[in-house]
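What the coordinates show
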Amino acid sequence: VIATGRPSERRAGWLLSAPALAAITLFFLLPALASLALSFTDFDIYALSNLANLRFIGFGNYTALLNNPLFWQAMGNTMWFVVLGVPLLVATSLGAALLVNARMLKWRPLWRVALFAPYVTTLVATAVVWRYLLHTRYGLINYALGSVGIAPIDWLGNPHASLPAILIFVAWKSFGYNMIIFLAALQTVPKELTEAALIDGAGEWSRFRHVTLPAIAPTMLLVAILTISGMFQLFAEPYVMTQGGPSQSTVTVLYFMYEEGFKYWSLGSGASVAVVLFLIIVAVTMVQLRFAKRGGAI
Amino acid sequence: VNIDRRQFVAGAAAIPLLGSCARGGADVEMWAMGNEAAAMPELLAMLGAGKNLPSVSVQPLPWTAAHEKLLTGFAGGALPALSQVGNSWIAELAAIGAIEPVPAAQGAMLDGQFEAVIDTCRIGNKIWAVPWYVDTRVQYYRRDLFAKAGYEAPPPRWDDWKAALHKVKRVAGEGNYAVLMPVNEFEHLTTIALSAKAGMLNAEGTRGAFGNPEFVAALGFYKSLFDEGLAPLASATQISNVWNEFARGYFSVYPSGPWTIGDMKKRLPATFQDKWGTAPNPGPEGTGAAAPGGSSLVVFRGSANSANSWSIINALLGQSGQDTLQKLTGDLPARKASWIAAPNIAAFATQLENARALPKVPEWERIVSEMQIVAERMLRGQFSVKQAAAEIDVRANRLLEKRRWMVEKGRAL
């Protein structure tokens with residue numbers, strides 16, 4: 001577009017986007033490059049006291065990372081969060097959006113607010129409530145499970161149950177945001193198409209499958225990308241609920257990076273985790289975009 | 001007036017303080033944490049700060065954020081003149097050159113203190129901090145249940161201790177255990193290791209010594225407590241109310257520090273108060289060891305007038321300063337002369353006389369959390385005792401790589 005414009009237009013374009021570009025360069029690009037540089041050094045507390053103690057170690061942080069079992073555990077945990085969490089979140093938020101968009105529903109604004117409320121509530125406060133809900137002996141969830149004959153589950157203490165427990169909490173906490181995006185998209189689906197399909201004798205499901213879904217496909221892609229990158233960057237929920245435990249079963253890549261960088265001040269090693277995470281998210285998004293292009297979503 | 005960058009940053013960081021401090025422009029700025037921070041205004045007023053002593057403005061920090069705040073304060077040149085610090089942070093602060101060693105002229109403050117506590121502040125033949133109050137871990141036990149099992153107190157030798165726990169567990173009944181050692185807390189294993197006289201690192205602190213027979217014996221003993229059903233395989237988050245569970249008999253021995261005395265009194269009914277007591281930790285051949293803990297006072301390097309800071313510390317370590325600290329906070333004062341005679345306190349004195357300092361390298365906190373990660377995996381069946389010890393050594397050696405390089409270059413303390 002720029003190449004075909006007149007020089008004065010081109011200049012105006014650059015001028016108008018200059019403040020934003022400057023901010024991105026200063027607050028995103030430079031720190032990102034600096035942390036890339038940092039990841040090739042062994043910056044730690046010794047270097048903090050005297051820069052002469054800083055060593056350039058090439059890919060040392062990366063090889064150490066690949067040999068660190070906790071990193072792989074964090075990676076595995078994160079993968080589980082992504083593989084289980086993304087479909088769960090997308091399905092929940094789409095379901096909720098369909099629900100609060102349905103015409104037969106009364107008090108629609110009220111429902112929308114109620115379902116959006118968890119997203120805007122303070123994380124720490126909700127975590128306290130959820131710790132009670134998930135309590136092994138006095139928790140509401142185990143009480144409910146008990147009434148259908150399921151033995152109490154030690155949600156936050158059992159290394160096999162802790163990840164699903166966090167996942168349930170994350171899904172509850174963040175589906176509201178995606179729901180709003182889906183809701184906006186659902187309202188742009190042309191009514192004529194749905195009505196035409198209805199006249200052609202399409203049932204509820206095939207109208208959803210062949211009219212609604214194709215119409216909101218680009219939104220679906222956007223939500224999927226946002227959710228995947230969100231799941232890869234999961235940190236606050238395990239931090240407040242389990243602090244990575246039990247048995248490191250809820251240590252995510254970002255939690256691992258936080259511990260490296262800010263608990264132990266191994267900033268070099270922490271930066272290398274950040275770079276690896278960045279590369280993974282970029283790669284996954286590229287694959288997703290390719291699939292979406294082939295499927296005609298964009 | 002010449003203001004360098006460091007002072008400028010420090011001043012900028014202190015601006016928010018001025019609003020909250022009634023007496024802006026105090027002679028000395030101090031950071032303190034937790035209960036002690038809350039007691040400082042009263043303590044300082046009693047000592048005459050601002051009259052016969054320099055005036056002090058105290059900034060309270062929460063314990064959970066204090067360590068990070070000290071390091072960021074150092075990185076940004078925004079440290080105060082003096083601070084309370086946890087004893088386990090001293091090695092790190094000394095290694096990065098953030099603190100001043102205690103001048104020889106101030107040595108008298110260390111008289112009448114516990115040798116093991118002073119030893120935690122001694123790195124490279126210099127004392128880097130003045131112990132202010134002390135703590136250590138002893139066992140809290142159920143007097144009534146031990147009496148029912150035929151014991152007046154937990155026996156001091158490992159074998160007898162374990163036999164007693166088996167009996168107590170039977171007395172406590174079905175579904176109960178004998179001792180609580182949450183598997184995410186490393187302190188229990190380090191206490192056992194210190195009792196077994198394990199060094200954990202080599203003399204220079206450059207390599208792990210977890211494969212040594214003393215530590216392997218300690219690790220085996222630790223594992224046997226879980227294997228024999230004496231300790232529940234649970235982390236601290238799973239025990240929602242330790243005191244209630246203790247009163248209920250879910251466990252009859254709980255290794256913990258002096259702060260638990262207050263909790264026991266506050267959270268459990270008066271009728272329960274004669275049912276618990278404290279005893280020193282057991283060891284392989286008799287009374288075991290523990291790590292000396294608590295807080296010390298440090299003066300930061302390069303602060304403007306360190307004589308002011310030392311005179312404050314001197315007052316805080318004096319007889320009336322230590323007495324008042326004890327009265328206001330219930331802490332165990334660093335100087336034995338200010339200890340009060342009270343039931344349940346004697347065990348702490350015995351334990352502190354038998355305390356041994358943990359390795360004093362900046363990497364220690366990290367090593368010890370790796371140690372506990374491996375130990376928890378061992379308890380869950382992923383490693384044998386020998387394999388676990390070897391694995392801890394591998395991880396410790398990896399963490400100490402930089403320190404080995406520093407020692408080689410002669411730059412480490």
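Everything below is about the structure printed above this text.
What you see is a predicted model, and the numbers here were worked out from it, not measured in a lab. For every chain, the first residue of the written sequence is number 1, and numbering continues from 1 along that sequence. Chain letters and ligand numbers both follow the written order, the letters beginning at A and the numbers at 1. This being a predicted model, a pLDDT of at least 70 is required before a residue's local features are given, and a value of 80 or more before pairs of side-chain atoms are given or counted; all residues contribute to the totals for chains, interfaces and linings. Hydrogens are left out, water is left out, and the side-chain values use all remaining heavy atoms of the structure.

Each helix is a run of H or I in the DSSP string that is no shorter than four residues. Each strand is a run of E no shorter than two, and both are numbered from the N terminus. Within chain A one finds 14 helices and 0 strands. For chain A, the spread of C-alpha atoms along the principal axes amounts to about 75 × 70 × 30 Å. Burial classification: accessible surface area is computed with a 1.4 Å probe over protein chains only, and a residue below 20% of its type maximum counts as buried, one above 50% as exposed, and the rest as partly exposed. Among the 298 residues that make up chain A, the fraction classed as buried is 42%. To be clear on the numbers: accessible area is Shrake-Rupley with a 1.4 Å probe, and residue cover counts the displayed protein chains and nothing else. As displayed, chain A offers around 16600 Å² of accessible surface, 72% of which is attributable to carbon and sulfur atoms. This count recognises Lys and Arg as positive and Asp and Glu as negative, with His and chain-terminal groups excluded. The atom standing in for a charge is NZ when the residue is Lys, CZ when it is Arg, CG when it is Asp and CD when it is Glu. Between the mean site of the 18 positive side-chain charges and the mean site of the 11 negative ones, chain A shows a separation of 7 Å.

Residues and elements named next belong to chain B. Centres within 6.5 Å are what make two rings of Phe, Tyr or Trp a pair, Trp counting through its six-membered ring; a difference in plane orientation under 30 degrees is then read as stacked, over 60 as edge-to-face, and the rest as tilted. Tallied over the full model, the rule gives 32 aromatic pairs over all chains. Relative to Phe146, the ring of Tyr141 has its centre 5.4 Å away and its plane inclined at 80°; by these criteria the two rings are edge-to-face. Like Phe146, Tyr141 is buried. An aromatic cluster is built from Tyr177, Phe246, Tyr250, Phe251, Tyr254 and Phe272, whose rings are joined through pairwise contacts.

Before going further, it helps to spend a moment on the interface of chain A and chain B. By definition, residues are in contact when any of their heavy atoms lie within 4.5 Å. In this complex, chain A contributes 29 residues to the contact, which on the side of chain B involves 30 residues. When two parts are put together, the accessible area they lose, computed with a 1.4 Å probe and summed over both, is reported as buried area. Note on chain A versus chain B: buried area summed over both sides is about 2600 Å², and carbon and sulfur give 48% of it. For chain A, the biggest contributors to the area lost against chain B are A:Ile45, A:Tyr46 and A:Arg55; these three give 25% of the whole. The rule for a salt bridge is simple: a side-chain nitrogen of Lys or Arg has to be within 4 Å of a carboxyl oxygen of Asp or Glu. Across the contact surface, chain A and chain B share 4 salt bridges. Linking A:Glu260 and B:Arg366 is a salt bridge whose minimum nitrogen-to-oxygen distance equals 2.4 Å. Two N or O atoms form a polar contact when they lie within 3.5 Å of each other; inside protein one atom must be a possible hydrogen donor and the other a possible acceptor, and for residues adjacent in sequence the pair counts only when both atoms belong to side chains. For the interface between chain A and chain B, the tally reads 12 residue pairs in polar contact (both at pLDDT 80 or more). Secondary-structure elements contributing two or more residues to the side of chain A that touches chain B are helix H2 (45–49), helix H4 (69–101) and helix H13 (253–263) of chain A.

All names here are of chain B. Residue position: Ala315 is located in helix H12 (residues 306–317). Note on Ala315: relative accessible area 18%, which makes it buried. Sequence-wise, Ala315 and Met109 are 206 residues apart; in three dimensions their C-alpha atoms are separated by 9.6 Å. Once you skip the residues sitting within four places of it in the chain, Ala315 turns out to touch Leu47, Leu53 and Gly321.

Let us now look at the sheet that holds strand E11 (residues 276–279) of chain B. Residue and element names in this part refer to chain B. In this scheme, strands are said to pair when DSSP sees at least two bridges between them. Read across the open sheet, the 3 strands follow the order E10-E7-E11; overall the sheet is antiparallel. This sheet does not close on itself; its edge strands, each paired only once, are strand E10 (253–256) and E11. For this sheet the average axis-to-axis angle between neighbouring strands, irrespective of direction, equals 30°. Where strand E7 (residues 138–142) meets E11, 4 bridges bridge the pair, whose relative direction is antiparallel. Across the sheet, Tyr140 pairs through a bridge with Thr278, a residue of E11. Against the sheet, helix H14 (residues 346–353) contacts E7, E10 and E11, and its axis sits at roughly 145° relative to E7. Only the stretch in contact is used when a helix axis is fitted, and all axes are lines through C-alpha atoms; the angle between N-to-C directions ranges over 0 to 180 degrees.

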